[in-house]
Structures are given as structure tokens and as C-alpha cells.
Amino acid sequence: MCGIIGILGQEEVSSRLIDSLKRLEYRGYDSAGIATLVDGVIDRRRAQGKIRNLEDVLVQSPLAGVAGIGHTRWATHGAPSERNAHPHATSRVAVVHNGIIENFRTLRAELEAEGRVFDSETDTEVITQLISRALDQGDSPKDAVIAALKRVRGAFAIACLFTGEEDLLIGARQGSPLVVGVGESEMFLGSDGIAVAPFTNRVIYLEEGDLVVLTRTSHAIYDLARAPVTRPIKIVAASAAAVEKGNYRHYMQKEIHEEPDAAARTIGHYVDPLEERVSLPDFGVDFAQIDQLWIIGCGTAYLAGRVGEYWFEQTAGLSCETDIASEFRYREPVAAGRAAALFISQSGETADTLEALRLCKRKGWKTIAVVNVPESSIAREADAVLPTLAGPEIGVASTKAFVAQLSALAAISVAAALARGQIDRDEERRLAHLLMETPRLIREALKVEPTIASAAEEASHARSILYIGRGMSYPIALEAALKLKEISYIHAEGYASGELKHGPIALIDEVTPVFAIAPHDSLFEKTMSNVQEIAARKGRVTLFSDAQGIEESGTVARHTIEAPKAEPFVAPIVYSPLIHLLAYHVAVAKGTDVDQPRNLAKSVTVE
């Protein structure tokens, strides 16, 4: 959710930085700060809370300078505080950063062993210290940034300001977006087009792995191999900057590629990476005092709940039932003992889900909202709110919000398991580590997009498509079918693999594609037995699995799509971008309106 702005200007930049940060408030944040060069020396102002708090600081202590960087932060590593707010700085460099540095603990220990002193709890400060060390060793600013980025693993977009360098800003991106704004004898860096829109409509969208060196009159861009490259300048209307697609063809594609960030932000909200602990806020619900949990949602949110049901029962030992909000309201549901209900919604305004929440409140059950909009009706009326930090989602078919919902549910289930005594500290540490690794695995999964696009071209000619899976892969198969129906208008169904023989196998023929979601886990062999049954009837099977699963499957599948190896606990999150990309590319091949499919709305606020 964090926002970045950097300015090499012709006039004092403090007020301009603040104006840009205000335009980034939609992303969500809990602290803000700016840094400028004053007579060549880095100076900072930071504040916890809203930007108006930072403005109050600047009234009391103004900040001069015509070059500066600014940031709005949503806490991941370290609690919201002035100390943890960006920019982070040494005497040599100031840095703002979006993303997650996965190996920051190892790097921090290494730097502290050298005598370097850290001022915050953030992962970002590792980047600052690495750059500062390289500068101390005689590297140029550009080489220092390159040296630092070689050491870090994770997702980032950064902007760097250097002591004594009045005409220099350096930025880089890997897994998080960053744009360059080209002005008249001025240059800008921003986390998206809206950040630079007040100053210029000429925007360069940096590509994955790019590094950019800015002066007021030039921009030099280097690719991941650090070879010079040229990126096109695009004209962006200021009014459209808040929802621009960047280099992506559709919002949906952009949002699928934002799934690693959505997962990282959400997981970071619940997982302390230093202690490898999963914790929930003191929100008035004690899972140790709950006998039954209901998970309620509609559409994609309901399917996220279906995955969550496995986590809560298998990990937390908590009786759990998932239901569709529109049906739950009319069932006269009965709780077996002390009950709580968890409601999932991207918008927080879904009418059926809101009415189901009100029903549960009348029954006296504890109510928990898992929502992406903390000011929404569902969030306001629930007893407790546990956020998903997906950020704005423009495409009607929910993708990154689904991944954020899964990420939140997985983390919440671990906290519930600990509260109920179902896991010990070692198991909590293991599961926390798996969660922190998940954004990296999602980024690895996204690399197979060309393979998926090829499979999608063939599938786009089908009249009907089947998806199968076992265990937690079964609700992922349901989500895959829903996404395909929504945007391609091809009939699709998801089935539990073991149910094939009880009817659906009658649909198998030589022209109906079947997609099997089968990570190499304890259920892999059973799923492959079902795949063999499909192949024996000349079914066209495409297998989603990891390298080991694909190797052991032999030649039974006509096509394979390789996912990164993931532990079963996080596999549903890692496989989600694969099935989202498949739906997207089938729709593109068919030429349908991907972002605004017929008959659908982003938020359903009526029954």
C-alpha cells in the first residue's frame, strides 16, 4: 500500500512532496515522511498517522531543499511509529522503499556485526545500510545501489537521495512498480502515475529489474543485467492516473502481477518477521473460547473461505463450516456451542454478506470482518476487523483481493491454532516462515505466463472446461472455473477429483479440456489416479504441478504447467496466480471485455 515520490526540482520541494503524498492516500498508510538535501546534507521530517501530522511537524520545523523524496508507509516490518517511518537515512543516503526484503534478518546481523547501528525495526533500513557501506568503500552512488541490490532478496521499489548530490536521484524496481516522470528541467519518481501527475503527464513505466539514474535534464535506465536500455515515454492524463494500467494490456493482468505485493502486505500485517510470530490485534475474539466457526462470503470471497475451512480445521482444530451469504440467511443456521462468524468481502459492502452479519449479531455470535476496505459497512458493523491489504482493484474479476484474502485466512488460522493449543512455538515459527516465503513463490509462479498463454489459446476454442483438485486444491479448482466463466463466457465447472466417478466423468470426451490442479503432496497420487481415468477416456488433460509432480506424472497429461515447489500449507496461495492467468489469457484469446465482463459489477450492493 506504501507510496513513493521523488523530486529533482527547480524550487523548494517540501510542499510538492506533501501534495503528491496526499494523492497517494488512497493506497492506505499509517505514517509518512519526507527528506530533502539542505546545503547538500540530508534532513528529514517524519510522523506517525495521517499526512496532516507530518504537515504539523513541518509548520514547527520547515524543511528547505530543491531535491527530495517522500513516502507513505503501511507497516509490515516494525510497528507504525515515527522511528519506523520512511525515509530511512544514514549520513550518506536516504531511502524510501515499497515491498518486502525477505533476507533482511541475515543482512542485518551481518551489518551489525560490522558495527553498523540500526535506528528502526524495518527491513528497508538494510538497503540504506548496504548502500552506505558501499559508499564508504568508495563506490559511486550508482555502483553502491547496484551492490546493495545484489545482496537483497524480495520485492522492492526504491528511491535514493545522496548527500552532496544535488542533481541526482536513483530508483530501482523488482516486484513493485515504479515510474519516472519527465518534466521541464525537472525529474520525478513515483510508485504510480498518480504520484507524479501534479507535475507532468510524461511518464516512463520501469520494467521488472530496471534501475534508473536521474538528473534534472536526463534519465539513464539500466535493465536487470545493468545494460543501458530505452523505455518509451507515455502521455498519461492526470485524471486517469489513479487507475492507469501502466505497461499492462488490462487492469486484470496488472492486478494479477500485483498478487505478490498483495500477499506480502497482508502477511506482513499479521507476521512479525524478526520473531517469526503470527499475531492478531486485541480484537475481542478469543479463538480458545469458540466451538464453531462459520465463514460467510459471496463469489470469490466464499471460495477463499472454502480454502480457509481447511486451514481452520486442519491447523487450528476448530470446527468450521463455510456458506454462501445469500443461502446462509435463509437456512436458520444453528450453532453447536459457542459460535463466531467470519465474513469475507473485498468491498465490505456486499449486501447479502452484510445481512448475514446482521443475522449473526442478532443470534449473539461474535462477528469478524475480513475486508479490504476498513471504513466499509461490514467493517463498521462487525465486532472485529482483520484487514486484507490488496489495495485498489479495478478489474471486476477479483484476483489480487482473492490472494490477499487467502493470505489473511492462513495467518489468522495460525494465530487461532496457537490460541487453542493446537501448535507449539516451533510449529508457529515454521508456518510463519512459510507465509513470509509465499510472496517470492507467487513471483516465481508468474514467470510461467508465456506457457499459460500458449495453453489458453487452445482452450479458448472449447465450449466447456473442467477443473479438478483434491483437498485445498478443490476450492482452487472452483475459483479457476468461476474466473473462467466470468471473463471468457465459457462454461466451466470445478470438481473434487474423487467425485469424478459419481457423475462428472460422463462429460469427458476428446474435445473438453480438463485442468488438474495437483501439487506434489500427500494427495498427489490419488489425484493422478483420477487423471489416468480421464486420459483412458481420451480426455485432454493439462496438469498444474511442481517439477516433482510433473516428472512423476509421466506422459499422462497432454500439457503441463510448472508451479514452484510449495509446502501444502501455502500451496493454494501459490497456485492462485496460475489459474487467474489462465482465465485471463483465455478471455484475451476470445476477445472478450476482460475488465468489465457483461452483466457483472465490481461490488454487489443489492440482493
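On a predicted model such as this, the values are computed, not experimentally measured, just so you know.

Undergrad: Sorry if this is basic, but what is going on with the nonpolar core here?
TA: Side chains that are nonpolar tend, in soluble globular proteins, to be buried together. Ranked by internal contacts, the top residues of the largest apolar core, which has 93 residues, are F287, W311, F312, L342, L435, Y467 and F569. Take this core: its biggest share by element is 13 residues, from helix α19 (residues 571-590). The residues that make up this core include at least three from each of domain 2 (246-445) and domain 3 (447-596). Residues contacting F569, with those up to four places away along its chain left out, are W311, T315, A410, S413, V414, L431, L434, L435 and M472. Grouped together as the second largest cluster of nonpolar side chains are 29 residues, I101, A148, I170 and A172 included.

Undergrad: Honestly, helix α2 (residues 51-60) in this entry has me stumped. Any pointers?
TA: An α-helical turn contains 3.6 residues, so any two residues separated by three or four positions project in the same direction. Listed in full, the buried residues belonging to α2 are I51, L54 and L58. Viewed along the axis of α2, the buried residues span an arc of 55°, placing them on a single side of the element. Exposed and oriented more than 90 degrees from the buried face of α2 are R52, V59 and Q60. Residues of α2 that are buried sit in contact with α1 (14-23), β2 (31-38), β3 (41-48) and β4 (67-73).

Undergrad: Is there a simple way to think about the domain arrangement of the protein chain in this case?
TA: Where interface size is given, it is often the accessible area lost as the parts come together that is meant. Domain parsing of the protein chain yields domain 1 (3-242), domain 2 (246-445) and domain 3 (447-596). Using only C-alpha atoms to locate each centre, domain 1 and domain 3 end up separated by 41 Å.

Undergrad: Got a minute to help me understand unusual backbone geometry in this structure?
TA: Excluding glycine, residues mostly have negative phi values, and the peptide bonds linking residues are mostly trans. Here the bond from H86 into P87 is cis, since omega is 0°, no more than 30 degrees from zero. Mapped onto the fold, P87 is located in the loop between β4 and β5 (88-89). Here the phi dihedral of K538 falls at roughly 65°; this positive angle occurs in a residue that is not glycine. Assignment of secondary structure puts K538 in the loop between α17 (524-536) and β26 (540-545). A residue is classified by how much of its surface remains accessible, and K538, at 54% relative accessible area, is exposed.

Undergrad: Quick question: what am I supposed to make of the environment of Q292 here?
TA: Tracing the backbone shows Q292 in strand β18 (residues 292-297). On the accessibility criterion, Q292 (7% relative accessible area) is buried. Every residue in contact with Q292, bar those within four places of it in the chain, is listed here: L318, S319, E321, V334, A335, A336, R338, A339 and A340.

Undergrad: Looking at this model, I keep getting lost on the environment of G183. Mind explaining?
TA: For G183, the position within the fold is in the loop between β9 (179-182) and β10 (187-190). For G183 and G9, which are 174 residues apart along the polypeptide, the C-alpha to C-alpha distance reads 9.1 Å. Setting aside anything within four residues of it in sequence, one finds G183 in contact with F188, T200 and R202.

Undergrad: In this structure, what is going on with the pairing of β2? I would like to understand it.
TA: Look at any regular strand and the pattern is simple: side chains alternate between the two faces of the sheet. Across the eight residues of β2, seven count as buried, placing the element largely inside the fold. The pairing of β2 with β3 spans eight bridges and is classified as antiparallel. Considered in β3, the bridge of S31 is made with Q48. Remark: two residues form the turn of the hairpin made by β2 and β3, two consecutive strands paired antiparallel; D39 in that turn has positive phi of roughly 55°. Pairing of β2 with β4, which is carried by six bridges, proceeds in the antiparallel orientation. Paired with T36 across the strands is G68, a residue of β4.

Undergrad: Looking at this model, I keep getting lost on the packing of aromatic side chains. Mind explaining?
TA: Think of a pair of aromatic rings as described by two things: how far the centres are apart, and how the planes are tilted against each other in angle. A full pass over the atoms with the stated rule returns eight aromatic pairs. Cluster of aromatic residues (ring-pair linked, three or more members): W294, F328 and W365. Residue placement shows K142 over the ring face of Y222; its charged tip is 3.8 Å from the ring centre.

Undergrad: I tried to follow the pairing of strand β24 (residues 491-496) on my own but got confused; where do I start?
TA: Of the two faces of β24, the one lined by A492, G494 and A496 is fully buried and the one lined by H491, E493 and Y495 carries no buried residue. Sheet analysis places strand β23 (residues 464-469) next to β24, joined by six bridges and oriented parallel. Residue pairing in the sheet places I465 in a bridge with A492 of β24. In this fold, β23 hands off to helix α16 (residues 473-488), which returns the chain to β24; that crossover is right-handed.

Reading the values: rules and limits
Each chain carries its own residue numbering, running from 1 in the direction its sequence is written. The model is predicted, so local features are restricted to residues of pLDDT at least 70 and side-chain atom pairs to those at 80 or more, both for listing and for counting; the totals for chains, interfaces and linings are taken over all residues. In computing side-chain properties, one takes all heavy atoms of the structure into account and sets aside hydrogens as well as water. Put simply, a nonpolar core is a bunch of buried Ala, Val, Leu, Ile, Met, Phe, Trp, Tyr and Cys residues held in one set by side-chain atoms that sit within 4.5 Å of each other. To sort residues, take the accessible area from a 1.4 Å probe on protein chains only and compare it with the maximum for the residue type: under 20% means buried, over 50% means exposed, and anything in between is partly exposed. Strands here are runs of E lasting at least two residues and helices are runs of H or I lasting at least four, both read from the DSSP assignment and numbered beginning at the N terminus. Domain start and end points were adopted from an automatic or database domain assignment. We call two residues in contact when some of their heavy atoms are within 4.5 Å. Arc definition: it is the arc formed by the directions from the helix axis to the C-beta atoms. Two strands qualify as a pair provided that DSSP identifies no fewer than 2 bridges between them. Between rings of Phe, Tyr and Trp, where Trp is taken as its six-membered ring, a pair exists when centres lie within 6.5 Å; planes separated by under 30 degrees are stacked, by over 60 edge-to-face, and by other angles tilted. Only when the NZ atom of a Lys or the CZ atom of an Arg is both within 6 Å of the ring centre and within 35 degrees of the ring normal do we say a charge sits over the ring. By convention a crossover is right-handed if, when the strands point away from the viewer, the path from the first strand over the helix to the second runs clockwise.

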